[in-house]
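# Chains, contacts and geometry: an overview
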Amino acid sequence: VRVRAGLGRRPLATAASYTQSMYAAWSKDPKSVDAAWRSYFESPLSKGTLAPTAGSVDAKALKDNLKVQELIQSFIQRGHNLSDLDPLGIRSASLEDSTPVEVTLEHYGFKDSDLDRQFVVLPSTIFGNDRPTQLPLRAIRAKLQEVYCNHIGAEFSHIQDPEQVAWWREQIEKPFSGFDKETSTAIMAGLIQGTHFEEFLQRKFKSEKRFGLDGCEGLVPAMQRLIRRFAEHGVEHVVVGMPHRGRLNLLVSVMQKPFAAVLKEFQSLLEPGEEGSGDVKYHLGMSSDVEYADLKRSIHLSLLANPSHLEAVNPVVEGKARAEQDYRGDNGRKKVVPVLLHGDAAFAGQGVVFETLGLAGLEGYTTGGTIHIVVNNQVGFT
């Protein structure tokens, strides 16, 4: 899963701000900082200034500590490039298989012999410390890889709004203790439902054209949890646009379309001598109301019909969502939410995707935000 958001850039910490942080920590507890810092702050040379001067401390130790802070910031900014997003093991065929030099130890002049050296890390949710702490370089790198290079790659350092950056960092860096039993059961049920649906259609209609969700069955529980999350936050209407891939599965699993109706659409209604592609059922839309008894509320779902140019539905979804917001007087853009599903190749290659994104910030077109889900089966087809 790769997550990307916003616009802007988060600046690196400066040497001056880092020194100020070390001084504040030393003032509270001299033992909380490295010996090099203690030597400096306790020396007469530090009086009246917090800027290190030549010869006042171990210059190399200070420089290396600053390099470690840069390494941490580089992982925050570029760690998503190293995320484990390749279950098929074909990353060598990707154009993004190179490692950014900013996240390598060699870029900062560190060697294997430095892995057990102690360095100061500032208070951070990454390391779970509320005060400056000394950790070996080996542990620092391992923790950064665990947080920023795992199965979720979060790209957010370009965002200009500091509050949004802080929110993203908190979501990514806070420890994940796993789902509770109820949530885990719901996720498993969604996976089983989606998988068995595809397996049944494959056995029953072997000769039919089928745009299955094989390899991406996780989309089913993901959409189910997303819709429920919307309901929990008071959303009343969700407008969805998507390609052929997995459409029938979501119609049954999320939109609650009767399974019998889907089976009927697999039966050919063409008269002898007539021609057809057999994929009409993948173009059809639907509206439904999903009830959540425990929340005592329902949410209306609209899956829009689609032309063969699959991404052409994007501006239609945004337009319908904006119209629904206007009709409801939803000026805060909190009652109606658009959701767009994309194929991996189409998202990168179709101009209408980026043309629609370009309208997102215009007052007359904005919908307050869109959830984009790229369904990547690493095939690049439909």
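Above this text sits the structure in question.
Residues numbered from 1 in each chain as written. Predicted model: local features only at pLDDT ≥ 70, side-chain atom pairs only at ≥ 80, totals over all residues. Heavy atoms only, no water.

### Description of the overall build of the protein chain
Check the secondary structure of the protein chain and you find twelve helices and nine strands. Here the protein chain holds 382 residues, and the buried ones make up 41% of them. Across the protein chain, contacts joining residues at least 24 apart in sequence account for 69% of those joining residues at least 6 apart. A total of about 21,000 Å² of accessible surface is found on the protein chain, and carbon and sulfur atoms cover 55% of it. (Helix = DSSP H or I, 4+ residues; strand = E, 2+ residues; numbered from the N terminus. Buried < 20%, exposed > 50% of the residue type's maximum accessible area, 1.4 Å probe, protein only. Contact = heavy atoms within 4.5 Å. Areas by Shrake-Rupley, 256 points an atom, 1.4 Å probe, with all protein chains shown as cover.)

### Digging into the nonpolar core
The nonpolar side chains of soluble globular proteins are, as a tendency, buried together. Counting 34 residues, the largest nonpolar core has Phe230, Val238 and Ile299 as the members making the most contacts within it. Counting residues per element, the ones that place at least two in this core are helix H6 (181-204), helix H7 (219-232), strand E5 (237-241), helix H8 (247-253), strand E6 (286-292), strand E7 (297-303) and strand E8 (336-343). Among the elements that make up this core, the one with the highest residue count is H7 (seven residues). With residues up to four places along the chain from it excluded, the contact list for isoleucine 299 reads Ile227, Phe230, Ala231, Val235, Glu236, His237, Val238, Ser288, Asp289, Val290 and Tyr292. Ile76, Val103, Val121 and Ala154 belong to the second largest nonpolar core, which has 26 residues in total. (Core = buried A, V, L, I, M, F, W, Y, C linked by side-chain atoms within 4.5 Å.)

### Structural notes on empty space enclosed by the protein
Here the idea is plain: a probe the size of a water molecule rolls over the atoms and shows the empty space left. All chains considered together, the criterion is met by two cavities of 30 Å³ or more. Taken together, the elements giving at least two residues each to the lining of the largest cavity come down to H7 and E7. Here the lining of the largest cavity is built from residues that sort into nine nonpolar, no polar and no charged. (1 Å grid on protein atoms, 1.4 Å probe; cavity = no way out; pocket = protein on both sides within 12 Å on 5 of 7 lines; lining within 4 Å. Points joined across faces, edges and corners; volume = space filled by probe spheres on them. Nonpolar A, V, L, I, M, F, W, Y, C, P; charged D, E, K, R; others polar.)

### Structural notes on the side chain of arginine 228
With respect to the element layout, arginine 228 can be found in helix H7. For arginine 228, a relative accessible area of 16% corresponds to the buried category. In this structure arginine 228 touches Tyr292, Asp294 and Leu295, once residues within four positions along its chain are discounted.

### A closer look at the environment of proline 243
Along the polypeptide, proline 243 turns up in the loop between E5 and H8. Its relative accessible area of 6% is what places proline 243 among the buried residues. In sequence terms proline 243 and alanine 312 are 69 residues apart; their C-alpha atoms lie 9.6 Å from each other. Contacts of proline 243, omitting those with residues within four sequence positions, involve Asn306, Leu310, Leu341, His342 and Gly343.

### With respect to helix H10 (residues 313-328)
With 16 residues, H10 should cover 22 Å at 1.5 Å per step; its first-to-last C-alpha distance of 23 Å lies within 8% of that length. Within the sequence span of H10, burial applies to Val313, Asn314, Val317, Glu318, Ala321, Arg322, Glu324 and Gln325. Against the buried residues of H10 lie E5, E8 and helix H12 (351-357). Just beyond H10, the residue with positive phi is glycine 329, at close to 70°. (Expected span 1.5 Å × (residues − 1).)

### Concerning unusual backbone geometry
A positive phi is found at glutamine 256, a non-glycine position, where the angle reads about 65°. When you line up the elements, glutamine 256 lands in the loop between H8 and helix H9 (259-265). A relative accessible area of 47% places glutamine 256 in the partly exposed class. One non-glycine residue, lysine 296, lies in the positive phi region at around 55°.

### Let's talk about the sheet that holds E7
Strand-to-strand pairing in sheets goes through backbone hydrogen bonds, with the strands running parallel or antiparallel. Read from one edge of the open sheet, five strands run E6-E7-E5-E8-E9, paired in mixed fashion. This sheet does not close on itself; its edge strands, each paired only once, are E6 and strand E9 (371-375). Strand after strand, the sheet turns through a mean of 20° between neighbouring axes, direction not considered. Across five bridges, E5 lies against E8 in parallel orientation. Following the sheet pairing, valine 239 is matched in E8 by proline 338. Seen against the sheet, H10 touches E5, E7 and E8 and runs at an angle of roughly 175° to E8. (Pairing = 2+ DSSP bridges. Axes fitted to C-alpha atoms, helices over the stretch in contact; angles between N-to-C directions.)

### Quick notes on the packing of helix H3 (residues 59-78) against helix H4 (residues 137-148)
For the pair H3 and H4, the least separation of the axes is 10 Å and the interaxial angle reads 15°. Put simply, H3 runs roughly parallel to H4. The hand of the H3/H4 crossing is right-handed. The residues of H4 that touch H3, namely those facing Val68, Leu71, Ile72, Phe75 and Ile76, are Leu137, Ile140, Arg141, Leu144, Gln145 and Tyr148. Looking at the contact of H3 with H4 residue by residue, the classes come out as nine nonpolar, one polar and one charged. (Parallel < 35°, antiparallel > 145°, perpendicular 65-115°, else oblique. Left-handed = near helix turned anticlockwise from the far one by under 90°.)

### Digging into the pattern of salt bridges
Within this structure, the stated rule accounts for 14 salt bridges. Its salt-bridge partner being glutamate 146, residue lysine 143 comes within 3.7 Å of it at the nearest N-O pair. Of the two residues, lysine 143 and glutamate 146 are both situated in helix H4; the distance of three residues between them amounts to about one turn of the helix. By relative accessible area, which is 27% here, lysine 143 ends up partly exposed. Accessibility expressed as a relative area gives 44% for glutamate 146, which makes it partly exposed. In this structure, the salt-bridge partner of arginine 328 is glutamate 236, at a minimum N-O distance of 2.7 Å. You can see arginine 328 sitting in helix H10 and its partner glutamate 236 sitting in the loop between H7 and E5, a full 92 residues away along the chain. (Salt bridge = Lys/Arg side-chain N within 4 Å of Asp/Glu carboxyl O.)

The analysis is restricted to geometry; functional conclusions fall outside its scope.
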